[in-house]
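Spelled out from the first residue to the last, the chains are:
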Amino acid sequence: MSTFKGDQKDATFSIHKDQSSGNWWVQIQGIPVGYYPSSLFTQLSKTATKVEFGGEIFNEISKGRHTIAQMGSGHFPSEGGLGVSSYFSHVQIIDENNEAKDPQNVELYVSNPNCYDLKIENTNGYGFYYGGPGYNDNCQ
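Nothing here was measured: the structure is a model prediction, and the numbers come from that model.

## Examining the packing of aromatic side chains
- Counted according to the given criterion, the structure contains 6 aromatic pairs.
- Plain terms: the ring middles of Phe 88 and Phe 128 are 4.9 Å apart, the flat faces sit at 25 degrees to each other, and that makes the pair stacked. Highlighted residues: Phe 88 in strand 4 (residues 86-88) and Phe 128 in strand 8 (residues 127-131), separated in sequence by 40 residues.
- Residue Phe 128 is classed as buried on the basis of its relative accessible area of 4%.
- By way of ring pairs, the aromatic residues Phe 13, Phe 88, Phe 128 and Tyr 130 are connected into one cluster.

What follows is the structure in structure tokens.
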């Protein structure tokens, strides 16, 4: 387990399409843990056209205010990045030739930056920091 402003633990995971079966395999630490049968994804029968990464919370705006649900560690990336906010590092896309590549044409989307935020880095492999506290003085 990672500790706030201390040692950080991480894991590698991947989702890729098996070129012979068409199934979408999930691996953790390089070990296959399961797959999504190709029959579930008629639109993904050949290739994916879009990949999304990030964090998400559910918000019903109970009693007229934003939820107190934290995202990630509950800290904004601007508070310090590694060791402070949650992160993905060395993100790559497996293309139709089964080659790993850095993401291209990246579009950022943050629905409420006063509650949660995102910071992209491409210095040592593509990655991003994300998170936030949810309801606070600036997030109503």
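Having seen the structure, we can now continue with the description.
## Quick word on the confidence of the model for the protein
- Mean pLDDT over the protein: 85, with 96% of residues reaching 70 or higher.
- Taken element by element, the predicted model of the protein shows its lowest mean pLDDT in strand 5 (residues 93-94) (84) and its highest in strand 3 (residues 31-36) (94).

## Some points on unusual backbone geometry
- Here Gln 29, not a glycine, exhibits a phi torsion of approximately 55 degrees, which is positive.
- The topology assignment puts Gln 29 in the loop between strand 2 (24-28) and strand 3.
- A relative accessible area of 47% means that Gln 29 is categorised as partly exposed.
- Phi at Asn 98 takes a positive value of approximately 65 degrees, unusual for a residue other than glycine.
- With respect to the helices, strands and loops of the structure, Asn 98 is situated in the loop between strand 5 and strand 6 (100-101).

## Describing the sheet that holds strand 8
- Within the open sheet, the 3 strands sit side by side as 4-8-7. Their pairing is antiparallel. Each edge of the open sheet is held by one strand with a lone partner, namely strand 4 and strand 7 (117-121). Each strand of the sheet is rotated relative to its neighbour by a mean of 20 degrees, with strand direction disregarded.
- Two strands pair when backbone bridges link them, and strand 7 and strand 8 are joined in this way by 5 bridges, in the antiparallel orientation. Considered in strand 8, the bridge of Asp 117 is made with Gly 131.

## Some points on the sheet that holds strand 1 (residues 13-17)
- Pairing is antiparallel across the open sheet formed by 3 strands, whose spatial order is 1-2-3. Only two strands of the sheet have a single partner each, and these edge strands are strand 1 and strand 3. Pairs of neighbouring strands in the sheet enclose a mean axial angle of 25 degrees, with direction left out of account.
- Note: strand 1 against strand 2, 5 bridges, orientation antiparallel. For Ile 15, the partnering residue across the bridge sits in strand 2 and is Val 26.

Conventions and cut-offs
Residues numbered from 1 in each chain as written. Predicted model: local features only at pLDDT ≥ 70, side-chain atom pairs only at ≥ 80, totals over all residues. Heavy atoms only, no water. Phe/Tyr/Trp six-rings, centres within 6.5 Å; stacked < 30°, edge-to-face > 60°. Helix = DSSP H or I, 4+ residues; strand = E, 2+ residues; numbered from the N terminus. Buried < 20%, exposed > 50% of the residue type's maximum accessible area, 1.4 Å probe, protein only. pLDDT = per-residue confidence, 0-100. Pairing = 2+ DSSP bridges. Axes fitted to C-alpha atoms, helices over the stretch in contact; angles between N-to-C directions.

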